[in-house]
Amino acid sequence: MLKLVLLLSLLLTAFPAAAQDSVCPDELIPRLTPGLWARVSHDTANNLRRDPGLRGQLLGAIPGGDIFRVLDGPRCADGYVWWQVSYGGRDGWTAEGRPGDDWLEPLAGGAALSPDGCQRPPDDYTRITVNGVTLNTRTLAMLDHAQALYQGTVNFRLALMQGSYNPGGVSASFGTHDGGGAVDLSVRSRQDWRVLSEDIWPMIRALRVAGFAAWLRDTGELYPNSPIHIHAIAIGDAELSE
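Right, let's walk through the structure included here. Within every chain, residues take consecutive numbers counted from 1 along the sequence as written. Only residues with pLDDT of at least 70 get local features here, since the model is predicted, and only at 80 or more are side-chain atom pairs given and counted; chain-wide, interface and lining totals rely on the full set of residues. The side-chain values count all of the structure's non-hydrogen atoms but skip hydrogen atoms and water molecules.

**A few points about the overall build of the protein**
What counts, and what does not: Comment: elements are numbered from the N terminus, with helices defined as DSSP H or I runs of at least four residues and strands as E runs of at least two. Burial status follows relative accessibility: with a 1.4 Å probe on protein chains alone, a residue under 20% of its type maximum counts as buried, one over 50% as exposed, and anything between as partly exposed. Residue contacts are defined here by distance: any two heavy atoms, one from each residue, within 4.5 Å place the two residues in contact. Note on areas: Shrake-Rupley with a 1.4 Å probe; residue coverage comes only from the protein chains shown.
On a plain count of helices and strands, the protein comes out with three helices and 15 strands. Split into buried and exposed, the 242 residues of the protein put 43% on the buried side. Relative to all contacts within the protein whose residues are 6 or more apart in sequence, the contacts with residues 24 or more apart total 56%. Summed over its atoms, the accessible surface of the protein is roughly 12,700 Å², and 54% of this surface lies on carbon and sulfur atoms.

**A word on unusual backbone geometry**
Residues Gly73 and Pro74 are joined by a peptide bond in cis, for which omega reads 5 degrees. Counting through the fold element by element, Pro74 comes out in strand β5 (residues 67–77). Not every positive phi belongs to a glycine, and Phe174 is a case in point at roughly 60 degrees. Here Phe174 lies in the loop between β12 (160–162) and β13 (182–186). One non-glycine residue, Asn225, lies in the positive phi region at around 65 degrees.

**Looking at the side chain of Asp66**
Our working rule: Under the rule applied, a polar contact is a pair of N or O atoms within 3.5 Å (in protein, one hydrogen donor and one hydrogen acceptor; residues adjacent in sequence only if both atoms are side-chain atoms).
Position of Asp66 relative to the elements: it lies in the loop between β4 (58–62) and β5. In this structure the side chain of Asp66 is engaged in a polar contact, spanning 2.9 Å, whose partner is the side chain of Arg157. With residues up to four places along the chain from it excluded, the contact list for Asp66 reads Ala38, Arg39, Val40, Tyr87, Ile128, Leu140 and Arg157.

**What about the pairing of strand β11 (residues 133–136)?**
Inclusion rule: If DSSP finds at least two bridges between two strands, the strands pair.
Bridge count for strand β10 (residues 127–130) against β11 is four bridges, and the pairing is antiparallel. Directly across from Ile128, in β11, lies its bridge partner Leu135. What sits between the antiparallel neighbours β10 and β11 is a turn of two residues, in which Asn131 has the positive phi angle 50 degrees.

**Observations concerning the nonpolar core**
The line we're drawing: Only buried Ala, Val, Leu, Ile, Met, Phe, Trp, Tyr and Cys residues count toward a nonpolar core, and they belong to the same one when joined by side-chain atoms within 4.5 Å.
In terms of nonpolar packing, the biggest core is built from 33 residues, with Phe156, Leu160, Leu185, Met203, Leu207, Phe212 and Ile230 touching the most fellow members. Listing elements by their share of this core, those giving two or more residues are β10, β11, α2 (137–150), β13, α3 (197–209), β14 (212–217) and β15 (229–234). Setting aside chain neighbours within four positions, we find Phe212 in contact with Thr139, Met142, Leu143, Gly181, Val183, Leu207, Ala232, Ile233, Ala234 and Ile235.

**Details of the sheet that holds β14**
Quick reminder of the rule: Whenever a helix is involved, its axis is fitted only over the stretch in contact; in every case the axis is a line through C-alpha atoms, and angles between N-to-C directions fall within 0 to 180 degrees.
Judged by pairing direction, the sheet is antiparallel, and its four strands sit side by side in the order β12-β13-β15-β14 without closing on themselves. The two strands at the open ends of the sheet, each matched to only one other strand, are β12 and β14. Sheet twist, expressed as the average angle between the axes of neighbouring strands with direction ignored, equals 30 degrees. Note: β12 against β13, two bridges, orientation antiparallel. Its bridge partner lying in β13, Leu160 is registered against Leu185.

**What about the environment of Ala38?**
In this fold, Ala38 is placed in strand β2 (residues 37–40). In sequence terms Ala38 and Ala141 are 103 residues apart; their C-alpha atoms lie 9.6 Å from each other. Ignoring anything within four residues of it in the chain, the contact list for Ala38 reads Leu32, Asp66, Ile67, Phe68, Val70, Glu105, Pro106 and Leu107.

Below is the structure:
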């Protein structure tokens, strides 16, 4: 048994875990800040890991061009700067890159959370397609923030029925989706299509705290048998429909 313990000790010494430092070397200059928003700045997806370092368990990936909120960091491991981020309802660590080859970029504007959960969104109107609908980055950041405040089972990104910049797409929307800042969210289960009655108010409240004017449009409210959904407009969006 003693020989086995000594052998394991030698193996761990020969193959140590990746070193992690809270302060990065001078050649690794972090560009992000905890509390603010950032995006993957290249076309390739950025891996999301449970811990900072290449040996961290792989949790998923953030697609190129998509956004996330920075939670903590920086940490340095394996020659990369790592940030803890929140993306798609999941928290993990992603690498910023190496000197001269940055994979992440901060978004302009935005501010740290206030005690009641309010947060100024980034001033970024780059258009992005999510779940088949088009939004601007500002609206998507607000939607993701609402998701974090909601803390329920509905995935707001997957619940998107209609986005922004959809002139004439749904005549019953009366032009509210012609410009930016507009989203419609389904309140039905993706498994059995039942109305998620207990989730409606928590969803609306989270959207309102995140900066949306949001309310329920019940079944048949717009036209016969029109689908029940939450209609939300991002307050202050510079590209809102008149």
